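Here's the letter readout for the chains.
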Amino acid sequence: MAVTVVAVTVAVRAAAALLAVGALGATLWYGVEDPGIALAFGVLIAVGELARWGSGKGREPAPLGAAGALAYALVGECAGRPSHHGVLQVVAIVVAAGLVGAVPHVALGRGPCLDHIARRVLSVGFAALCFQPLYNSGQLTAVTGHGPAYAVVIVTLLALTALCDAVLAAAMAHDRSGWPFGPLLREELRGMSGVGSAVCASGAVMALAVAVAGLWALPVFSFPLLLTQLAFRRYAAVRTTYRQTIASLARATEIAGYTPAGHARRVADLSRAMGRDLGLPGPDLGVLEYAALMHDIGQLSLVDPVPAGATAALPEAEQRRIALLGGAVVRQTGVAADVAVVVERQADPFHEQPLAARIVRTANAYDEMAREQGPHGPLGALERLRLATGRDHQPEVVEALARVLARGRGRGSGGRGRPGTRRCAPAGRGSAGDVAGGVGKVRLTPRPPG
């Protein structure tokens, strides 16, 4: 099974590389049809790639370049004159323009993600393969003419292309993380409602506008998407600051000596991994992570710290008081009310808790138990949690924890208890990354004795 899963990413990248090399070779050999159209779209794609954000480890980081690539794949006419470029030329121009636009980013050490490149090559190739042969043979216009039916075909092809891209993204995310394919695909499809829908809509409008108005339509219709891209960049910066603020608040209990170093981060990483395993969507994963980071904030109300921050030994009334105070602190910080609810419900019986609170409760208990000395700490902690299912923990949540640990990505509290390190990969998303709804993948690695 592992060999099959690994083969997904290898096969996608290999197919994209073969298609790109073949397209470039064929275009160089036979020459470029309609060089003016090819140059205009190539410049648009290169500019979009230059304006992209980050390193591509999120959702579509270059929406303008992606929209231009899809539009070129679906262009049949330019100002009323038929075009004659084929599938291989479309792929060749997209690859060449993308490489040119990526040069400055590579020079700055922010090279594009290989997975994004592979997906774009295959998605554009799919769109061009569905459209160009039909148009160049005259069959498409013979059936649809140039009226509304033609536009419907364009939109339908873009929808199918977006679906194929989502399937590829989910399959490659499944390859990297081992999470179930179904929830990953649902997350990708949800993420399409943001940047993905804007890319598809802009691609359709550009293709239809060029057919009527010519190449002058490209700057006119790409400018709004460029403004949207800049707005998303600012939004991403705000989200990053927001996450850093929450992480700083979460460390308050560690700095004050109420909880061990790295405890909040380990619980957050485990909780997010368990939530993804249980199929939580991107927004719920964000709430879960923030709540896990701040689940111990109520301990700041204690006069004397609890040894190792383990509040499970306290009376239930004291646990509930700490949880309620923690929720009140979270509300005062301006964090979403859903996060405060999860923090407040930590001391409730598990069958009365929302799922996010059950996950945080189990992840927190595991990290506390696994801090015991000796090599059997993690195994003993998991066994104790299983024995407590039905009374203190939901069985499905405990088994999700076991699956996370079994994947080799959940040794976060092994031995003496070790902080997780978090690695974000294309989601999805998400992910706008995580900005556009996607979520990063979690890898938990051992930490040194603290």
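These figures come from a predicted structure and were not determined experimentally.

Here we come to the overall build of the protein chain. Per the secondary structure count, the protein chain includes 17 helices and 4 strands. Within the span of the protein chain, comprising 450 residues, buried residues form 51% of the whole. When the accessible surface of the protein chain is split by element, carbon and sulfur atoms take 68% of a total near 19,300 Å².

With that settled, consider the environment of Val-212. Structurally, Val-212 can be placed in helix 8 (residues 181–213). The sequence separation of Val-212 and Gly-80 amounts to 132 residues, and the corresponding C-alpha distance is 5.8 Å.

Turning our eyes to something else, we now look at helix 7 (residues 148–177). In this model helix 7 runs 43 Å from its N-terminal to its C-terminal C-alpha over 30 residues, within 8% of the 44 Å that 1.5 Å per residue would give. Looking at the residues trailing helix 7, positive phi occurs at Gly-178, about 85 degrees.

On to the nonpolar core. Val-330, Tyr-366 and Leu-401 are the most contacted members of the largest nonpolar core, which has 48 residues in total. Among the elements that make up this core, the one with the highest residue count is helix 15 (residues 355–369) (8 residues). Counting residues in hydrophobic clusters, the runner-up holds 41 residues, among them Phe-41, Ile-45, Leu-74 and Leu-158.

Another point: the packing of helix 2 (residues 35–50) against helix 3 (residues 63–73). Interaxial distance between helix 2 and helix 3 falls to 7 Å at its minimum, and their mutual angle equals 160 degrees. The orientation of helix 2 with respect to helix 3, classified from their angle, is roughly antiparallel. The handedness of the crossing between helix 2 and helix 3 is left-handed. Of the residues in helix 3, those in contact with Ile-37, Ala-38, Phe-41, Leu-44, Ile-45, Val-47 and Gly-48 of helix 2 are Leu-64, Gly-65, Gly-68, Ala-69, Ala-71 and Tyr-72. Taken together, the residues that form the contact of helix 2 with helix 3 break down as 10 nonpolar, 3 polar and no charged.

A full pass over the atoms with the stated rule returns 16 salt bridges. Of the charged contacts in the structure, one is a salt bridge between Glu-187 and Arg-276, with a shortest N-O distance of 3.1 Å. One end of the pair, Glu-187, is in helix 8; the other, Arg-276, is in helix 11 (residues 263–277), with 89 residues separating them in the sequence. In terms of burial, Glu-187 and Arg-276 fall into one category: buried. Linked through salt bridges whose partners overlap, the residues forming this network are Arg-243, Arg-265, Asp-269, Arg-272 and Glu-289.

Parameters at a glance
Residues numbered from 1 in each chain as written. Predicted model: local features only at pLDDT ≥ 70, side-chain atom pairs only at ≥ 80, totals over all residues. Heavy atoms only, no water. Helix = DSSP H or I, 4+ residues; strand = E, 2+ residues; numbered from the N terminus. Buried < 20%, exposed > 50% of the residue type's maximum accessible area, 1.4 Å probe, protein only. Areas by Shrake-Rupley, 256 points an atom, 1.4 Å probe, with all protein chains shown as cover. Expected span 1.5 Å × (residues − 1). Core = buried A, V, L, I, M, F, W, Y, C linked by side-chain atoms within 4.5 Å. Axes fitted to C-alpha atoms, helices over the stretch in contact; angles between N-to-C directions. Parallel < 35°, antiparallel > 145°, perpendicular 65-115°, else oblique. Left-handed = near helix turned anticlockwise from the far one by under 90°. Contact = heavy atoms within 4.5 Å. Nonpolar A, V, L, I, M, F, W, Y, C, P; charged D, E, K, R; others polar. Salt bridge = Lys/Arg side-chain N within 4 Å of Asp/Glu carboxyl O.

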